Amino acid sequence: NDLAPRAFPQERVALVDLLAAQASISIENAKLYVGLEQKVQERTAALNQKTTALEAVANQLSKYLSPQVYRSIFDHQKEVRVTSERKRLTIFFSDLVGFTETADQMDSEDLTILLNQYLSEMAEIALRFGATVDKFVGDAIVIFFGDPESRGERQDALACARMAIEMRTRLAVLRQEWLA
């Protein structure tokens, strides 16, 4: 009778058991690999989100820091610490004579356009000369030379004087444009 059960030799049974155990281990490893791969993808996505957030913060900071200070922080040239350090700086203050009276006669939109143009162009000139723009207060500008980069006290002072001359020249051109 061909349908009668046949007995398998013990070696074959042991071999089938061994293959079944190997298959079980392989399936378990595959499950672990898929789970690990999913966790890696989740962590990568989380890191990408944090990187994007940090880039956005850095971009926002770049609007409030001078390029020299920004570079020194983000290029790891300077450690961010609140400390005091004595340095000789060349300081430049600028204020438009009669600006308050002019501002009182202008509507706010035109005043904003004028002030933004003036401050932007003066800041560009300052940066070309290697200055650090410290702050804008209304129409006033505070700029310094000598930190975080310095070419030496004398060269910083000369650069400041040259910058001031170029700013006056540019302001004369701007006044003509504004009057027109």
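The preceding data block contains the structure.
Here we summarise the structure given alongside this text.

Cut-offs used in this document
- Residues numbered from 1 in each chain as written.
- Predicted model: local features only at pLDDT ≥ 70, side-chain atom pairs only at ≥ 80, totals over all residues.
- Heavy atoms only, no water.
- Helix = DSSP H or I, 4+ residues; strand = E, 2+ residues; numbered from the N terminus.
- Buried < 20%, exposed > 50% of the residue type's maximum accessible area, 1.4 Å probe, protein only.
- Contact = heavy atoms within 4.5 Å.
- Expected span 1.5 Å × (residues − 1).

**Some thoughts on the overall build of the protein chain**
Piece 1. Across its full length, the protein chain holds 5 helices and 3 strands.
Piece 2. Overall, the protein chain shows an N-to-C arrangement of helices and strands of α-α-β-α-α-β-β-α.
Piece 3. Split into buried and exposed, the 180 residues of the protein chain put 22% on the buried side.
Piece 4. Taking all contacts inside the protein chain whose residues are at least 6 apart in sequence as the whole, residues at least 24 apart take part in 57%.

**Things to note about the side chain of Glu121**
Piece 1. Mapped onto the secondary structure, Glu121 falls in helix 4 (residues 108–128).
Piece 2. Take Glu121: its relative accessible area is 19%, and that puts it in the buried class.
Piece 3. The contacts of Glu121, once residues within four sequence positions are left out, are Arg170 and Leu174.

**Things to note about helix 5 (residues 153–179)**
Within an α-helix, residues lying three or four positions from one another point in the same direction, as the helix has 3.6 residues per turn.
Piece 1. In this model helix 5 runs 39 Å from its N-terminal to its C-terminal C-alpha over 27 residues, within 8% of the 39 Å that 1.5 Å per residue would give.
Piece 2. Within the sequence span of helix 5, burial applies to Asp156, Ala159, Cys160, Met163, Met167, Leu171 and Leu174.
Piece 3. On its buried side, helix 5 packs onto strand 1 (90–94), helix 4 and strand 3 (140–145).

**Comments concerning the side chain of Thr90**
Piece 1. Looking at the secondary structure, you find Thr90 in strand 1.
Piece 2. By relative accessible area, Thr90 is classed as buried at 17%.
Piece 3. Aside from chain neighbours lying at most four places away, what touches Thr90 is Ile143, Phe144, Phe145, Glu153, Asp156, Ala157 and Cys160.

Geometric descriptors of this kind do not, in isolation, establish any biological role.
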